[in-house]
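Report on the structure
Residue strings, one per chain:
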Amino acid sequence: NAVRLAEVVQILVKHGFADLVQRLGLRESIPAKALRKLRLIDDTPSAPETIGARLRAALTELGPTFVKYGQILSTRPDLIGNDLCAELSRLQDRVEVLSFDSMRPIIEEDLGAPISSSFLEFNESPVASASLSQVYRARTKTGREVAVKVQRPGVRAKVVSDISLLFGIAEWVTERVKEFAWMDPVGTVEEFERSILRELDFTIEARVIQRFRTIYGNDNRVFIPYVETGLSGPRVLTMDWVDGVRVDAIDKFAERNCDPREIAIIGCHATFSQVFEHQIFHADPHPGNILVTRNNQIAFLDYGMAGHLERTDVHAMAELMRSVFDQDASRCATALLAFT
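A short tour of the structure in this document, coming up.

Rules used in this analysis
Residues numbered from 1 in each chain as written. Predicted model: local features only at pLDDT ≥ 70, side-chain atom pairs only at ≥ 80, totals over all residues. Heavy atoms only, no water. Helix = DSSP H or I, 4+ residues; strand = E, 2+ residues; numbered from the N terminus. Buried < 20%, exposed > 50% of the residue type's maximum accessible area, 1.4 Å probe, protein only. Contact = heavy atoms within 4.5 Å. Core = buried A, V, L, I, M, F, W, Y, C linked by side-chain atoms within 4.5 Å. 1 Å grid on protein atoms, 1.4 Å probe; cavity = no way out; pocket = protein on both sides within 12 Å on 5 of 7 lines; lining within 4 Å. Points joined across faces, edges and corners; volume = space filled by probe spheres on them. Nonpolar A, V, L, I, M, F, W, Y, C, P; charged D, E, K, R; others polar. Expected span 1.5 Å × (residues − 1). Pairing = 2+ DSSP bridges.

**Some remarks on the overall build of the protein chain**
The helix and strand inventory of the protein chain stands at 15 helices and 11 strands. Across the 340 residues of the protein chain, 45% fall into the buried class. Sequence separation of at least 24 residues holds for 63% of the intrachain contacts in the protein chain that already meet a minimum separation of 6.

**Considerations on the nonpolar core**
Among the nonpolar cores identified, the biggest contains 30 residues, and Val8, Phe66, Leu132, Val159, Ile163, Leu166 and Ile196 are the most heavily contacted of them. The set of elements that each furnish at least two residues to this core consists of helix 1 (2-14), helix 4 (51-62), helix 5 (64-73), helix 10 (155-176) and helix 11 (185-199). Broken down by element, this core gets its largest block of residues, 9 residues, from helix 10. In contact with leucine 166, other than residues within four places in its own chain, are Thr65, Phe66, Val189 and Phe192. Membership of the second largest hydrophobic core comes to 27 residues, among which are Ile209, Phe212, Met239 and Tyr303.

**Observations concerning the layout of surface pockets**
Taken as a whole, the second largest pocket spans an internal volume of roughly 790 Å³. Surrounding the second largest pocket, 33 residues form its lining, Ala128, Val135, Gly288, Asn289 and Leu301 being those nearest its centre. Residue assignment for the lining of the second largest pocket shows that the elements contributing at least two residues are helix 5, strand 2 (128-129), strand 3 (133-140), strand 4 (145-151), helix 12 (202-215) and strand 6 (236-240). Of the residues contributing to the lining of the second largest pocket, the split by class is 14 nonpolar, 9 polar and 10 charged.

**Regarding helix 1**
Taking 1.5 Å of rise per residue, the 13 residues of helix 1 would be expected to cover 18 Å, and the 18 Å separating its terminal C-alpha atoms lies within 8% of that figure. Every buried residue of helix 1 is listed here: Arg4, Leu5, Ala6, Val8, Val9, Ile11, Leu12 and Val13. The positive-phi residue at the C-terminal boundary of helix 1 is glycine 16, with phi of around 85 degrees.

**A few points about the pairing of strand 3**
Relative to strand 3, strand 1 (residues 119-122) runs antiparallel, the two being bridged by 3 bridges. Bridging across to strand 3, phenylalanine 119 finds its partner in threonine 140. The pairing of strand 2 with strand 3 spans 2 bridges and is antiparallel. Of the residues in strand 3, the one forming a bridge with alanine 128 is valine 135. As consecutive antiparallel partners, strand 2 and strand 3 are separated by 3 residues. Here strand 3 runs beside strand 4; their pairing, made up of 7 bridges, is antiparallel. For tyrosine 136, the partnering residue across the bridge sits in strand 4 and is valine 148. Once strand 3 ends, the chain turns through 4 residues before running back antiparallel as strand 4, passing glycine 143 with a positive phi of about 95 degrees.

**Observations regarding empty space enclosed by the protein**
Per the stated rule, a full pass over the model turns up 1 cavity of 30 Å³ or more. When its volume is computed, the largest cavity comes out at roughly 50 Å³. Taken together, Arg198, Glu199, Asp201, Ile204, Glu205, Val208, Tyr303, Gly304, Met305 and Ala306 make up the lining of the largest cavity. Those elements that provide at least two residues to the lining of the largest cavity are helix 11 and helix 12. Element by element, the count of residues in the lining of the largest cavity is highest for helix 12, at 3 residues. Grouping the amino acids of the lining of the largest cavity by side-chain chemistry returns 5 nonpolar, 1 polar and 4 charged.

**Examining the pairing of strand 6**
Where burial is concerned, most of strand 6 is hidden: 5 out of the 5 residues are buried. With 5 bridges joining them, strand 4 and strand 6 adopt antiparallel strand pairing. Across the sheet, the residue bridging to lysine 149 is leucine 237, located in strand 6.

Right, here's the structure in full:
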């Protein structure tokens, strides 16, 4: 952890965040003191122009755990503002691609057979590269066109190590930087840990997808892929290939016989039905994870992050939204207190 902390400090300073290192008190940590003696963090080198570009570059260099955190932040303009969200959204589908030679062993170990025995065709060039996995296009022995999601090698060990480091940083900040105490740094890391470790087990994601297929089985406006359980495992997930475009690629809607207004209505209805009717919701709905297929149909991708709600939470959220629509500030404040 000391070595990794030294690396984190050095990367933050490298990308122009020496002030943040100072405010968090990390500059007084033993690794930071060692780096100063080596003259590795005294001078802030030239950095990209905007804070968003610098943050994205730093998170990318820090690796999958931090990239994932940046992806989550990119969906929260209410917390970090539109400009930062726009820059961090570039992390959603532009992660460094690993060679297929490093991914092949994961597939064959999880499926217990050579790729040629499991698939009729397998394109070794990934169609998508995310912080924790890469996605490939393939065809099963039965001729079904599928997407194969494969976990990056060694990513679990990296995540576990980084989470341990983040807990140490959170405890350090809580004790020494009172201005950040209200954010509950330790609790934030705990929540992130629960989420990302669940996401690293693809068998959980497969069960979530099957639950969503049950929910939307009779709704042709929302497409949920079928999971090939015989071609899936803890680190490999094989499901229907989805032919679509990102939900923010509005200029491509017309060629798919889709209307932006209808897509907005369908997306809104799907989100509300997940929360208020079924109490399970897709918890990572950035534009890269929602595709528009054809004839006003949407498809959700990547079910690694899903949220579950208690009935009391649903009632509290409904009351909050009613108070907002009614512009009743007093009721709104009361409803918010229900979440504390």
